[in-house]
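Report on the structure
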Amino acid sequence: MAITSYPFDGQAVTETQFSQMFREFQETGVVTSYEGTGFQVAASTGMVVTVQPGLAFVRGHMVQSTATENLTVPAASTTARVDRVILKLDPATNSITLAVKAGTAGSTTPPTLTQTDTGIYEMALASVAVGANITSITSSTITSTRPVVGHRVGSWATATRPSTPRKGQLGYNSTTLAWEFWNGTAWAPLTSSVEWDSLSGKPTAFPPSTHTHLWSQITDRPSSLPPSAHTHDWSQVTSKPTSFAPSAHGHAWSDLTGVPATFAPSSHAHTWASITSKPSTFTPATHTHSGYLTSGSTISWANGTKRVHSDSVSGSGTYYAVWVQGDGSFARNTSSRRFKQNIRDIDIEPDAVLSLRPRVYDRRPKEDGGDYLRDEFGLIAEEVAETLPEVVTYDEEGRIDALRYDLLSVALLSVVQDQAGRIERLEHLVEELAR
């Protein structure tokens with residue numbers, strides 16, 4: 001028969017079948033705690049050892065000893081050997097017995113255990129070192145090798161923990177929501193929390209006191225000196241200035257990079273931020289230049305002069321608003337029809353203007369250092385772009401950059417016109433109701 005099932009009522013169940021079933025419930029070993037005395041082997045007198053009472057599973061069969069047993073170790077040889085004290089299962093005799101299995105003289109390896117699935121099965125309880133020509137066994141020559149079983153995994157609340165647990169018994173505590181085990185005297189968490197006091201190798205202060213490291217202990221170190229081009233975080237740089245611009249200091253000419261090769265240097269340009277001793281206000285105090293002004297740095301004027309018609313706005317005096325173009329040059333703001341083309345109407349939703357949110361913020365400092373403005377108020381370009389993108393400008397990389405605040409007044413006309421229309425309609429409605 002290919003398929004066999006058991007045990008059932010009215011069915012003969014064999015010893016082999018029971019053995020196969022029970023060995024799945026429990027591994028082979030002594031049923032005790034780690035410090036228990038079940039089937040413990042100890043020295044007696046002469047070549048005799050004792051085996052304490054105990055309970056054990058041996059390949060699905062159970063054996064119980066209720067009294068201390070004495071076993072005689074075979075006489076010593078002229079060379080040392082290692083014997084085993086075993087529990088021996090013999091299905092042919094329906095028995096599990098205690099025995100001493102002698103090792104090979106001259107070898108320090110214990111004898112091999114016989115462990116078959118349906119025949120003889122031997123479980124080691126201890127190894128005994130038998131010295132050459134000895135006449136007695138001592139406790140120092142006995143090593144316990146008995147496997148211990150019977151530790152079941154369970155689940156319980158704190159109030160319903162097992163009353164007589166074995167050391168090492170494991171379970172999940174539904175009260176504390178944690179795994180715990182019996183350590184012999186108390187229930188302990190399976191994983192303990194890590195406390196600062198329990199850490200080793202930690203610094204004693206933060207930041208730690210001055211110390212050194214071996215070169216081999218440093219990670220991300222350069223592979224050659226001088227190292228290949230690389231960068232460092234500002235916090236990693238030593239001997240750096242404490243303020244920007246740094247306090248007065250000097251540099252050797254050879255330390256400077258980007259210096260001109262000749263004097264006077266060939267034509268070149270400098271960013272405004274890199275120029276020192278520049279005027280703090282515009283228009284600067286009266287001064288002259290000798291051929292250094294270029295078309296890119298002056299204002300383009302229709303009347304051919306570099307100043308207004310008059311110092312007063314009365315009479316024929318004309319003042320212009322000034323724009324800064326993307327390349328940094330200046331240009332006057334003109335509004336005449338003759339400067340415009342493709343003129344057409346635009347519909348601006350009043351609600352789009354009314355949804356703008358005035359904000360207060362602190363402006364970031366300049367890239368070359370200095371203070372930053374606090375409690376400045378205005379609009380956030382990214383927020384304006386959501387409802388009124390017509391007044392948002394973008395930089396050369398396509399990122400939102402600035403707002404055309406001068407166009408907000410034009411956009412407000414749509415709000416005023418909408419409100420004027422509403423007032424007119426309300427007045428008309430009031431007149432109709434009064435009739």
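Residues numbered from 1 in each chain as written. Predicted model: local features only at pLDDT ≥ 70, side-chain atom pairs only at ≥ 80, totals over all residues. Heavy atoms only, no water.

The next point concerns the sheet that holds strand β3 (residues 48-51). With antiparallel pairing, the three strands of this open sheet are ordered in space as β2-β3-β6. On the outer flanks of this sheet lie β2 (41-43) and β6 (69-72), each paired with one strand and no other. In this sheet, neighbouring strand axes are inclined to one another by 35 degrees on average, regardless of whether the strands run parallel or antiparallel. The pairing of β2 with β3 spans three bridges and is antiparallel. (Pairing = 2+ DSSP bridges. Helix = DSSP H or I, 4+ residues; strand = E, 2+ residues; numbered from the N terminus. Axes fitted to C-alpha atoms, helices over the stretch in contact; angles between N-to-C directions.)

Right, let's talk about the sheet that holds strand β1 (residues 29-31) for a bit. Backbone-to-backbone hydrogen bonds pair the strands of a sheet. The strands run either parallel or antiparallel. Taken in spatial order, the four strands line up as β5-β4-β1-β11 in an open sheet, and their pairing is mixed. Only two strands of the sheet have a single partner each, and these edge strands are β5 (61-65) and β11 (148-149). Bridging between strand β4 (residues 54-58) and β5 involves five bridges; their strand directions are antiparallel. Considered in β5, the bridge of valine 58 is made with histidine 61.

Another aspect to go through is the pairing of strand β8 (residues 95-101). Consecutive residues of a regular strand have side chains that alternate between opposite faces of the sheet. In this sheet, β8 lies alongside strand β7 (residues 81-90) in antiparallel orientation, the contact comprising seven bridges. Its bridge partner being in β8, leucine 87 is matched across the sheet by leucine 98. Between β7 and β8, which pair antiparallel and follow one another directly, the connecting turn spans four residues, one of which, asparagine 94, has a positive phi of 50 degrees.

In terms of nonpolar packing, the biggest core is built from 23 residues, with Phe39, Val41, Val49, Val85, Leu87 and Leu125 touching the most fellow members. Mapped by element, the contributors of at least two residues to this core are β3, β4, β7 and β9 (121-130). Contacts of valine 49, omitting those with residues within four sequence positions, involve Val41, Ala42, Ser44, Glu69, Asn70, Leu71, Val73, Val85, Ile137 and Ile142. (Core = buried A, V, L, I, M, F, W, Y, C linked by side-chain atoms within 4.5 Å. Buried < 20%, exposed > 50% of the residue type's maximum accessible area, 1.4 Å probe, protein only. Contact = heavy atoms within 4.5 Å.)

Next up on the list: the confidence of the model for the chain. When pLDDT is averaged across the chain, the result is 81; 85% of the residues are at 70 or more. Long-range and interchain partners of residues 284-310, a stretch whose pLDDT sits below 50, account for 20 contacts in this model, where long-range means more than four residues apart. (pLDDT = per-residue confidence, 0-100.)

In this section: the packing of aromatic side chains. This model, assessed by the stated rule, comprises two aromatic pairs. Summarising the aromatic geometry, the rings of tryptophan 182 and tryptophan 187 are spaced 5.4 Å apart at their centres and angled 65 degrees between planes, so their arrangement reads as edge-to-face. The pair formed by tryptophan 182 and tryptophan 187 is uniform in burial state, with each residue classed as buried. (Phe/Tyr/Trp six-rings, centres within 6.5 Å; stacked < 30°, edge-to-face > 60°.)

The next thing to look at is the environment of leucine 190. With respect to the secondary-structure elements, leucine 190 resides in the loop between β15 (187-189) and β16 (322-324). Judged by its relative accessible area of 46%, leucine 190 falls in the partly exposed class. Along the chain, leucine 190 and tyrosine 172 lie 18 residues apart, while their C-alpha atoms are 9.5 Å from each other. In this structure leucine 190 touches Leu170, Trp179, Glu180 and Phe181, once residues within four positions along its chain are discounted.

Okay, helix α4 (residues 405-434) next. In a regular helix each residue adds 1.5 Å, so 30 residues correspond to 44 Å; α4 covers 44 Å between its end C-alpha atoms and thus fits that length. Listing the buried residues of α4 in full gives Leu408, Ala411, Ser414, Val415 and Gly421. On its buried face, α4 is in contact with α2 (350-354). (Expected span 1.5 Å × (residues − 1).)

The subject of this paragraph is the pattern of salt bridges. For the structure on display, the rule yields 10 salt bridges. Here aspartate 406 makes a salt bridge to arginine 404, at a shortest N to O gap of 2.9 Å. Taking relative accessible area as the criterion, aspartate 406 reaches 36% and is therefore assigned partly exposed. A salt bridge links aspartate 418 to arginine 422, with the nearest nitrogen and oxygen atoms 3.1 Å apart. Here arginine 422 and aspartate 418 lie together in helix α4, a separation of four residues that amounts to about one turn. Exposure remark for aspartate 418: the relative accessible area of 25% places this residue in the partly exposed category. (Salt bridge = Lys/Arg side-chain N within 4 Å of Asp/Glu carboxyl O.)

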